[in-house]
Every structure is written in structure tokens, then in C-alpha cells.
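# Fold and geometry: a report
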Amino acid sequence: MKHLYRIFTLIVVLAAIAAGCGNKTEASESQTGEAPEAQQAQQANYPYPALPETMRAALWNECDYVDIIFYESPVSMSQTDAPAIRGTLGYLSGRPAIPDSNCKSLGRISFMRQGEIMIEADMYSRNNCHYFLFLQDGQIVYAEGLSDAGMNFFRQIERRFQEVVQ
């Protein structure tokens, strides 16, 4: 019974964290302002590009459901309101990332529109691995780093998972 109470508490805390992340300012919602040529040059040394602005805009404007499954926890999360979904999108840095084969995925996040998956990503946020690997048809197509807020969010979740297990 004590274990169930801890899981319930974790779910409530995660929901509160996710809801609180929807409070973004206009400045944080704006694009990077870099010219496309500068973005391409920045990404030239990376095996995968960051999420394209067209996909980012589609997720921002059209995504109506996010499902997050954590592999090492009995907890999953769902988001159905635009502020929470946009808060989750705000965890992305806008910069490409280099995947590390030594890193272990925390879980899978699915971005959906009217019941159809727009795109999925494996989430990494442990040790020096802080990025999403976006997948289409099971293949990595984009790799994007997490923002500081994203890293902090996943650190908080890890701490909560450890509290529940103990």
C-alpha cells in the first residue's frame, strides 16, 4: 500500500511539473534568429540534424496529445493541453546532438495529432547524454539536445523515481 501511495504521489508531482512548464514567455517561443546557412554550417559536423523548423512548427501548432513512457518506472505521462505540450517542446534546445551508444534511453515520447503519431523520440537524460533521438519508421532522423530546463525536468523525474523505488 505504501508503494502505491508513492507511485500516486509521483504521478501527481509529475503532472504538476508538466503543467507548470507551460508558462513560457514570448521571447522563449521565438525562433533562434540564425540564418538558414548558419544553422546548416552548425549542423555540418553532426550525424543527424536538429528537428527542422517546419516539424517544430507543426508540433507546436497541431500536436494535441503527448504520451511519455519511462522504461524503468511504472509511471507514464500524457499531455492533452497545449500549454503542457508546448512546455515539453520547450525542453528542446534547437541544436543538434551527437548520440552516444554508451547511453541508455529513459523512455519514449510520442507526439500525436488526432490519434496519429506525428513523430516519436527516444529520450536521453543521464550522465552526459541529454538529447532526444527522433525516429521515423524505426530509424533515427533527427537528434536534438535538451535545453537547461529539459535537463532539470528529467533530473527531477529521476530523483522522484529513486524515491519511489526506495
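## Concerning the environment of Ala58
Note on placement: Ala58 falls in helix H4 (residues 53-62). Take Ala58: its relative accessible area is 16%, and that puts it in the buried class. For the pair Ala58 and Met118, spaced 60 residues apart in sequence, the C-alpha to C-alpha distance is 8.9 Å. Not counting chain neighbours up to four residues away, the residues in contact with Ala58 comprise Cys63 and Met118.

## Some points on H4
Every buried residue belonging to H4 is among Met55, Arg56, Ala58 and Leu59, and all of these are buried. For H4, the buried positions fall inside an angular range of 160 degrees around the axis, keeping them on one side. Set apart from the buried face of H4 by more than 90 degrees, the exposed residues are Thr54 and Asn61. For H4, the elements touching its buried residues are helix H5 (82-89), strand S3 (92-96), strand S4 (107-113), strand S5 (116-126), strand S6 (129-136) and strand S7 (139-146).

## Details of the nonpolar core
Of all hydrophobic cores here, the largest spans 30 residues; its most connected members are Leu59, Phe111, Phe132, Phe134 and Phe154. When residues of this core are traced back to their parent elements, those giving at least two are H4, strand S1 (65-70), H5, S4, S5, S6, S7 and helix H6 (148-165). Broken down by element, this core gets its largest block of residues, five residues, from H6. Ignoring any residue separated from it by four or fewer positions in sequence, one finds Phe154 in contact with Phe70, Leu106, Met123, Ser125, Phe132 and Leu146. Core analysis: the second largest hydrophobic core is formed by seven residues, Tyr124, Cys129, Tyr131 and Leu133 among them.

## Some thoughts on the pattern of salt bridges
Counted under the stated rule, the structure contains seven salt bridges. A salt bridge links Lys104 to Glu72; the nearest nitrogen and oxygen atoms lie 2.7 Å apart. Here Glu72 lies in the loop between S1 and strand S2 (76-79) and Lys104 lies in the loop between S3 and S4, a separation of 32 residues in the sequence. Glu72 is paired through a salt bridge with Arg126; the nearest N and O atoms lie 3.2 Å apart.

## Quick notes on the packing of aromatic side chains
Within this structure, the stated rule accounts for six aromatic pairs. Centroid distance Tyr91 to Phe153: 4.7 Å. Interplanar angle 20 degrees. Geometry classified as stacked. With Tyr91 in the loop between H5 and S3 and Phe153 in helix H6, the pair connects residues that are 62 residues apart, well separated along the chain. With relative accessibility at 4%, the residue Phe153 sits in the buried group.

Rules behind the numbers
- Residues numbered from 1 in each chain as written.
- Predicted model: local features only at pLDDT ≥ 70, side-chain atom pairs only at ≥ 80, totals over all residues.
- Heavy atoms only, no water.
- Helix = DSSP H or I, 4+ residues; strand = E, 2+ residues; numbered from the N terminus.
- Buried < 20%, exposed > 50% of the residue type's maximum accessible area, 1.4 Å probe, protein only.
- Contact = heavy atoms within 4.5 Å.
- Arc of directions from axis to C-beta.
- Core = buried A, V, L, I, M, F, W, Y, C linked by side-chain atoms within 4.5 Å.
- Salt bridge = Lys/Arg side-chain N within 4 Å of Asp/Glu carboxyl O.
- Phe/Tyr/Trp six-rings, centres within 6.5 Å; stacked < 30°, edge-to-face > 60°.

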